[in-house]
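Descriptive structure summary
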Amino acid sequence: MSGCLAYRPALLVAASVLASVGGAAEAQGTCTDIVASGVHCAIDMGLAGYTAPAVRAVPTLTGALEPLAVPAALRIVSTYEEQQAAPPPGERPPVPDREAGQRDVVVTGRSNWEAPDPLASVNLKSFEVTEAVDKAVIGPLALAYRDAVPKPIRDGAHNFLYNMREPVVFLNFILQLKIGRALETVGRFAVNTTVGVAGIFDMAKRKPFKWQRRSNGFANTFGFYGIKPGPFLFLPIVGPTTPRDLIGGALDRLIFPFVYGKRITRPAFAVPFAVVGALDHRADFDDTLHQLHDGQSDPYARSRDFYLQRRQNEIDELKGRGQKNSSPMSEAPTRPVTVKKRSGEQPVEEHPQPPPGEAPR
């Protein structure tokens, strides 16, 4: 008997632990095994509904053992739950469910040229009206002008019109602190106005000068100093523009009377000047318009983005971080038309094939 009494403390400890494990098994209901203190202990499924008998209180021992048995049982259950929640080896832990109503925030970068288009529905109507008028009147007249007037005469009129803009180009290069380009523009104007017979012949681009024509204006100066273009606008007949470009263009035209006198504003000069300029511009851009519109699912968006990208590229080039223009903004591009997609849009083929039976442009 004295030998049994020697093991009684150990038996009481074991009974308390088993009672705690039995209570944990009842609480879990579906557990089949647990890990306790590094020892694997199997539990029969029949114990799931088993309630362990209470341990008989022993005044000299159980008062000290019960506080130890309950925390031990809780540690066993906690260890088991953590192991059940852990993913199998080689798998990522599960992502916790987000609270109801919580959404991911997606930040999308937008390019500098992507002017907003809040008036898209109005602009689209204006685009459609302009297209209809162009197909019915302006386009045929411009092509008739191109076909009827000999090329040397058309080139002379083109050179004369652009030579008249050189003072505006010069002034804006000064405002942009591009002194070298400003002096080159003065040289172009002087050579073409004298040797080139009032600008009819572009002698400045030939040897020994080789001064190429550049486009510039107050809209570029505004952009150069960080003024945003504002919302995109498509005006009837006028075409694509922005508030910044409208204001800049108006200031450009105000310079002409100061340079050439008020006679330039008289209808006898202003009307033929405007008509020849419009026909020359439309004929010059005929191929570009075909590339932008023919076979395109959304010619309005393509024309809008082409205009905005070309304008932004000219401003970036002034800042020394853009691609060099293939031609001045006021003249038709000499390279194939390419249009970048807006942020988040899927890219599409930039150079659509011509319709069957039509020669590629």
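Please refer to the structure higher up on the page.
Here the structure is a predicted model, which means the values were calculated and not measured. (Residues numbered from 1 in each chain as written. Predicted model: local features only at pLDDT ≥ 70, side-chain atom pairs only at ≥ 80, totals over all residues. Heavy atoms only, no water.)

1. Re empty space enclosed by the protein
Keep this limit in mind: Think of a 1 Å grid over the protein atoms and nothing else: a 1.4 Å probe that fits but is trapped marks a cavity, an open set flanked by protein within 12 Å on at least five of seven lines marks a pocket, and residues with an atom within 4 Å of a point count as lining. Grid points are joined across faces, edges and corners, and a volume is the space filled by probe spheres set on the points. Residues are sorted three ways: Asp, Glu, Lys and Arg are charged, Ala, Val, Leu, Ile, Met, Phe, Trp, Tyr, Cys and Pro are nonpolar, and all the rest, Gly among them, are polar.
Overall, the coordinates contain three cavities of 30 Å³ or more when judged by the stated rule. In this structure, the largest cavity occupies an estimated 50 Å³ of space. If you trace the largest cavity, you find it lined by N112, W113, A115, P229, T242, R244, D245, L308, R311 and Q312. Each residue belonging to the lining of the largest cavity can be placed in one class, and the counts come to four nonpolar, three polar and three charged.

2. Considering the packing of helix 10 (residues 286-293) against helix 11 (residues 299-318)
Inclusion rule: Orientation is described by lines fitted to C-alpha atoms, with helices fitted over the stretch in contact, and by angles between N-to-C directions that extend from 0 to 180 degrees. Working definition: helices are DSSP H or I runs of at least four residues, strands are E runs of at least two. Numbering for both runs from the N terminus. Relative orientations are named as follows: roughly parallel for angles under 35 degrees, roughly antiparallel for angles over 145 degrees, roughly perpendicular for angles from 65 to 115 degrees, and oblique for any other angle. Residue contacts are defined here by distance: any two heavy atoms, one from each residue, within 4.5 Å place the two residues in contact.
As a packed pair, helix 10 and helix 11 sit with axes 8 Å apart at the nearest point and diverge in direction by 125°. Overall, the two elements helix 10 and helix 11 adopt an arrangement that is oblique. Of helix 11, the residues touching helix 10 (which contributes T288, Q291, L292 and H293) are P299, R302, S303 and F306. Classifying every residue of the contact of helix 10 with helix 11 gives three nonpolar, four polar and one charged.

3. Quick look at helix 3 (residues 120-148)
So the rule is basically this: The angle between axes fitted to the seven residues ending at a residue and the seven residues starting there is what we call the bend at that residue. Categorising residues by exposure relies on relative accessible area from a 1.4 Å probe, with only protein chains included: less than 20% of the type maximum marks a residue as buried, more than 50% marks it as exposed, and the intermediate range marks it as partly exposed.
At D134, helix 3 shows its maximal bend, which comes to roughly 60°. Of all the residues in helix 3, the buried ones are N123, S126, F127, T130, E131, D134, G139, A142 and Y145. If you follow the buried residues of helix 3, they end up packed against helix 4 (151-163), strand 3 (233-235), helix 9 (267-284), helix 10 and helix 11.

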